[in-house]
Amino acid sequence: MSDERLREEHTAPDELREDLQPSPEAIRPELTGPESGGLGGLGGAGGRGMTSLRVGVATLWLSVIVLLPLAAIVWQSAKGGWSAFVAAATSPSAIDSFRVTLTVSAAVTVVNLVFGLIVAWVLVRDDFPGKRLVDAVIDLPFALPTIVASVVLLALYGPSSPVGIHLQHTSYGVGVALLFVTLPFVVRAVQPVLLEVDLEAEQAAASLGASNWTIFRTIVLPALMPAVLSGAGLAFSRAIGEFGSVVLIGGAVPGKTEVSSQWIRTLIENDDRTGAASISIVLLAISFVVLFILRALGSRAAKREELAK
């Protein structure tokens with residue numbers, strides 16, 4: 001009897017330990033698979049129903065806000081047939097507006113790449129008085145009506161400029177206006193990524209004798225490149241479609257400061273809605289292609305960065 005009692009006492013803790021083993025299914029029911037109810041108890045028929053409802057609501061909203069307007073403008077541009085579309089998109093005035101729009105927008109995007117990265121770096125890595133105020137000012141172009149920006153720029157760089165700089169009716173004036181409205185895109189795209197960059201890797205490289213430029217080029221810039229390209233694509237797309245901020249400072253001088261959005265307004269005022277829709281389709285296609293290419297390059301850069309880690 002004593003031997004049996006000793007064996008029971010010896011095995012009891014083992015059995016007790018088995019009973020006390022944590023069960024992942026009991027702690028997190030979503031780990032038991034879709035047939036058990038799924039995440040948050042929304043699996044099965046109920047979960048699938050809620051998913052379908054959410055997808056339906058999102059699809060309906062995107063259709064009303066994005067897809068239907070796009071379909072309407074495509075339908076409008078196709079009213080006159082392919083020949084009318086080509087004639088509107090290749091007219092001398094349209095070509096001039098495309099040239100001005102794309103040239104100035106590309107230059108503005110390059111400037112934003114450089115100075116947007118610098119501003120983001122200062123806001124993340126440096127401490128100085130008024131930092132929060134500067135950070136808030138970055139979003140001012142999002143909140144300020146673009147026509148107000150045009151009035152402000154005209155007062156600052158117009159014929160009565162208090163600083164002695166006259167940019168009205170010049171491509172430089174258009175560029176300054178586009179720089180103002182596209183300022184936040186690169187900055188806001190880079191900031192959160194820069195906050196997550198591994199400082200220990202930078203410190204290790206510095207301890208091995210790497211210069212600041214080498215550290216930035218080999219460690220920081222590859223990590224930031226997807227965000228930089230994404231912000232640049234958004235800035236370019238905003239620039240080629242901008243109207244309000246350039247309407248006063250630019251003056252819509254044909255072949256010099258008239259951007260495509262102003263040429264579209266001229267066509268609408270002349271009751272040429274098909275031509276206006278055709279120019280809009282061209283701008284939309286250019287914007288889509290640029291965004292697609294930059295996003296693809298950003299994805300490739302991100303994959304290379306992951307493989308390097």
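What counts and what doesn't
Residues numbered from 1 in each chain as written. Predicted model: local features only at pLDDT ≥ 70, side-chain atom pairs only at ≥ 80, totals over all residues. Heavy atoms only, no water. Helix = DSSP H or I, 4+ residues; strand = E, 2+ residues; numbered from the N terminus. Expected span 1.5 Å × (residues − 1). Bend = angle between axes of the 7 residues up to and from the residue. Axes fitted to C-alpha atoms, helices over the stretch in contact; angles between N-to-C directions. Parallel < 35°, antiparallel > 145°, perpendicular 65-115°, else oblique. Left-handed = near helix turned anticlockwise from the far one by under 90°. Nonpolar A, V, L, I, M, F, W, Y, C, P; charged D, E, K, R; others polar. 1 Å grid on protein atoms, 1.4 Å probe; cavity = no way out; pocket = protein on both sides within 12 Å on 5 of 7 lines; lining within 4 Å. Points joined across faces, edges and corners; volume = space filled by probe spheres on them. Phe/Tyr/Trp six-rings, centres within 6.5 Å; stacked < 30°, edge-to-face > 60°. Buried < 20%, exposed > 50% of the residue type's maximum accessible area, 1.4 Å probe, protein only. Lys NZ or Arg CZ within 6 Å of the ring centre and 35° of its normal. Patch = residues over 30% accessible without salt bridge, like charges linked within 9 Å, V, L, I, M, F, W, Y side chains within 5 Å. Areas by Shrake-Rupley, 256 points an atom, 1.4 Å probe, with all protein chains shown as cover. Salt bridge = Lys/Arg side-chain N within 4 Å of Asp/Glu carboxyl O. Contact = heavy atoms within 4.5 Å.

What about helix α11 (residues 212-240)?
For α11, with 29 residues, the first-to-last C-alpha span of 36 Å runs short of the 42 Å given by 1.5 Å per residue. Of all the bends in α11, the largest measures some 55° and sits at Leu-221, one to four residues before the proline Pro-222.

Description of the packing of helix α5 (residues 92-125) against helix α9 (residues 171-196)
At a minimum axis distance of 6 Å, the contact between α5 and α9 shows a crossing angle of 40°. Taken together, the axes of α5 and α9 lie oblique to each other. Relative to α9, the crossing made by α5 is right-handed. Class assignment of the residues belonging to the contact of α5 with α9 gives a composition of 19 nonpolar, seven polar and one charged.

A short note on the layout of surface pockets
A volume near 230 Å³ is recorded for the second largest pocket. Forming the boundary of the second largest pocket are Leu-70, Ile-73, Ser-237, Ile-264, Ser-280, Leu-283, Leu-284, Ser-287, Phe-288 and Leu-291. Elements supplying a minimum of two residues to the lining of the second largest pocket: α3 (44-77) and α13 (273-308). By residue number, the principal contributor to the lining of the second largest pocket is α13, which donates six residues. Of the residues belonging to the lining of the second largest pocket, the class tally is seven nonpolar, three polar and no charged.

Points about α5
The terminal C-alpha atoms of α5, which comprises 34 residues, lie 49 Å apart, in line with the 50 Å expected from a rise of 1.5 Å per residue. Of all the bends in α5, the greatest measures close to 25° and is centred on Asn-112.

Overview of the packing of aromatic side chains
Aromatic rings in a pair are described by how distant their centres are and how their planes are angled relative to each other. In the structure shown here, the tally under the stated rule is five aromatic pairs. When the centroid spacing of 5.5 Å and the interplanar angle of 20° are considered together, the rings of Trp-82 and Phe-85 count as stacked. A residue pair is termed a helical-turn pair when its members lie 3 or 4 positions apart in one helix, as Trp-82 and Phe-85 do in helix α4 (residues 81-89) at three residues. According to the relative accessible area criterion, Trp-82 is exposed, its value standing at 66%. One aromatic cluster is present, formed by Trp-121, Trp-213 and Phe-216 through successive ring pairs. Taking the ring centre of Trp-121 as reference, the NZ or CZ of Arg-125 above it sits at 4.6 Å.

With respect to a nonpolar patch on the surface
Taken together, the side chains of Leu-60, Trp-61, Leu-62, Val-64, Ile-65, Val-66, Leu-67, Leu-68, Leu-70 and Leu-284 make up a nonpolar region of the molecular surface, amounting to roughly 960 Å² of accessible area. A per-element tally of the nonpolar patch places α3 first, with nine residues. With respect to the element layout, Leu-284 can be found in helix α13.

Focus on the packing of helix α8 (residues 146-157) against α9
In the contact formed by α8 and α9, the axes pass within 10 Å of each other and the chain directions differ by 135°. By the angle between their axes, α8 is oblique relative to α9. Crossing geometry of α8 relative to α9 is assigned as right-handed. Counting all contacts with α8, which are made through Thr-146, Ala-149, Leu-153 and Tyr-157, the residues of α9 involved are Val-176, Ala-177, Phe-180 and Val-181.

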